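Listed below, chain by chain, are the residues.
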Amino acid sequence: MVEPFGGFEIPVIHLATVLVVSGIIGVMLYAISPPVTQRTVVGFVPWMVSGSALHVFYQLGERFGDVYPEPLAPLFSAPTVYLTTFASMALIWLVCVMVLPRSDHGDRVARYLLITGSGTALALIGLLVWQGMTSDVLDFQPVLPVLALLASLVVTFVVYMLVGAWRTYIIAEARYVGALALFAHLFDAITTAVGVDLLGASERSAIPRRILEFAAGLPTEATLGSGWLFVLVKLAVAILIVIAFADYVSDEPTEGNLLFALIIAVGLGPAVNNFFLFALSVGAEVPDYAAI
């Protein structure tokens, strides 16, 4: 069975190759030093989604048969897939900053990253949905994952507005990246809670597993399940990060935005992976909604 919250697999040769390629591209970008604005970080987001979708295909291949050619398959295991996706995105980023005039290295490059990333992500999402709807071995049940997505969006909006009402400068400084960081980790937490409490999934990462096990031992487990505590912990940590680093984004835009990009990726990657695995009923016991 594919574990929705499975551990990392690190094929050394492939990982080393991707690290070297990513490092070379990263050094070249560092030498050029293109501006990293909040819009640039927004342009990164569909690439994060694409990386998660590519890993879902790898996990499907593990269970139902090879999806990728054998020599390339390890490039899409975790965490290698995120470096593979970064290298692809960074190459496009590098080409854009080398071809375009320096005056266009801000919004125009961010737009190109957003367009190419969105095109890639939509194609992969469409293929996953088509696979789920037409496959004889997959049971496409998107109801709970979609509800988790909607709940994440609503809670993010409410919490971010409350933070802004408390300290207006936080939203003025953190803006897009603050909202994305909050959403990414809420989405991860809520999909985890749905997976553990409603879909029979298991958590193998040490810290989340301990939080879930602790909550399972509380008197509230019978009525609230064990995922609620993990949601509250992730929400509290995300809020503290946004509050703590809002000034950093304003004072040091490049470093601050890159930091938030990393924070967003750490939450959004696993969240999107959970979303699609649960929608495809991989590694989870999904209820039959036709009977409800």
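For clarity, every value in this text was computed on a predicted model and none was experimentally measured.

About the criteria used
Residues numbered from 1 in each chain as written. Predicted model: local features only at pLDDT ≥ 70, side-chain atom pairs only at ≥ 80, totals over all residues. Heavy atoms only, no water. Axes fitted to C-alpha atoms, helices over the stretch in contact; angles between N-to-C directions. Helix = DSSP H or I, 4+ residues; strand = E, 2+ residues; numbered from the N terminus. Parallel < 35°, antiparallel > 145°, perpendicular 65-115°, else oblique. Left-handed = near helix turned anticlockwise from the far one by under 90°. Contact = heavy atoms within 4.5 Å. Nonpolar A, V, L, I, M, F, W, Y, C, P; charged D, E, K, R; others polar. Buried < 20%, exposed > 50% of the residue type's maximum accessible area, 1.4 Å probe, protein only. Polar contact = N/O pair within 3.5 Å; in protein donor to acceptor, adjacent residues only side chain to side chain. Patch = residues over 30% accessible without salt bridge, like charges linked within 9 Å, V, L, I, M, F, W, Y side chains within 5 Å. Areas by Shrake-Rupley, 256 points an atom, 1.4 Å probe, with all protein chains shown as cover. Salt bridge = Lys/Arg side-chain N within 4 Å of Asp/Glu carboxyl O. pLDDT = per-residue confidence, 0-100. Lys, Arg positive; Asp, Glu negative; His and termini not counted. Charge placed at Lys NZ, Arg CZ, Asp CG, Glu CD.

Caption draft 1: Spotlight on the packing of helix H2 (residues 38-64) against helix H3 (residues 80-99). Interhelical geometry of H2 versus H3 gives an angle of 140 degrees and a closest axis separation of 9 Å. The angle between the axes of H2 and H3 places the two elements in the oblique class. Relative to H3, H2 is oriented so that their crossing is right-handed. Residues Thr-40, Phe-44, Trp-47, Gly-51, Ser-52, Leu-54 and His-55 of H2 touch H3, and the partners they reach there are Val-81, Tyr-82, Thr-85, Ser-88, Met-89, Ile-92 and Trp-93. Considering only residue class, the contact of H2 with H3 consists of 8 nonpolar, 6 polar and no charged.

Caption draft 2: Geometry of the environment of Thr-134. Counting through the fold element by element, Thr-134 comes out in helix H4 (residues 107-134). The class of Thr-134 is partly exposed, set by a relative accessible area of 44%. Of the polar contacts made by the side chain of Thr-134, one reaches the backbone oxygen of Trp-130; its length is 2.7 Å.

Caption draft 3: Up close: a nonpolar patch on the surface. Together, Val-20, Ile-24, Met-28, Leu-91, Val-95, Met-98 and Val-99 give the surface a local cluster of nonpolar side chains, amounting to about 650 Å² of exposed area. Residue assignment for the nonpolar patch shows that the elements contributing at least two residues are helix H1 (12-32) and H3. Of all the elements, H3 adds the most residues to the nonpolar patch, at 4 residues. When you line up the elements, Val-99 lands in helix H3.

Caption draft 4: Unusual backbone geometry, seen in detail. With an omega dihedral of 0 degrees, the bond running from Ala-78 to Pro-79 counts as a cis peptide bond. Tracing the backbone through its elements, the reader meets Pro-79 in the loop between H2 and H3. One non-glycine residue, Ser-33, lies in positive phi territory at about 55 degrees. With respect to the helices and strands, the residue Ser-33 is situated in the loop between H1 and H2. Judged by its relative accessible area of 40%, Ser-33 falls in the partly exposed class. Residue Arg-175 is not a glycine yet carries a positive backbone phi of 45 degrees. Mapping Arg-175 onto the fold places it in helix H6 (residues 168-198).

Caption draft 5: Representation of the confidence of the model for the protein. Residues of the protein with pLDDT of at least 70 account for 92%, and the chain-wide mean is 87. Per-residue pLDDT, averaged within each element of the protein, yields its smallest value for helix H8 (residues 221-224) (85) and its largest for helix H5 (residues 143-166) (95). In this model, residues 285-292 is a region of pLDDT below 50 whose contacts with residues beyond four sequence positions or in other chains number 13 contacts.

Caption draft 6: Layout of a negative patch on the surface. A contiguous patch of negative charge on the surface is contributed by Asp-247, Asp-251, Glu-252 and Glu-255. Along the chain, Asp-247 falls in helix H9 (residues 227-251). Since its relative accessible area comes to 36%, Asp-247 is described here as partly exposed.

Caption draft 7: Focus on the packing of H6 against helix H10 (residues 253-279). Following both chains from N to C, one finds H6 and H10 inclined at 30 degrees, their axes separated by 8 Å at the closest point. In terms of their interaxial angle, H6 and H10 are classed as roughly parallel. Every pair of crossing elements has a handedness; the one defined by H6 and H10 is left-handed. Class assignment for the residues of the contact of H6 with H10 results in 16 nonpolar, 8 polar and 1 charged.

Caption draft 8: The pattern of salt bridges, seen in detail. Within this structure, the stated rule accounts for 3 salt bridges. Arg-39 is the salt-bridge partner of Asp-107, the closest N and O atoms lying 3.3 Å from each other. Within this pair, whereas Asp-107 is found in helix H4, its partner Arg-39 is found in helix H2, the two being separated by 68 residues in sequence. Looking at Asp-107, the relative accessible area reads 39%, which means it is partly exposed. Arg-39 sits in the partly exposed class, given a relative accessible area of 46%. Here Arg-209 ties to Glu-213 by a salt bridge, and the two come within 3.8 Å at their closest N and O atoms. One end of the pair is Arg-209 and the other is Glu-213, both in helix H7 (residues 206-216) and 4 residues apart, which spans about a single turn. We classify Arg-209 as partly exposed; its relative accessible area is 29%.

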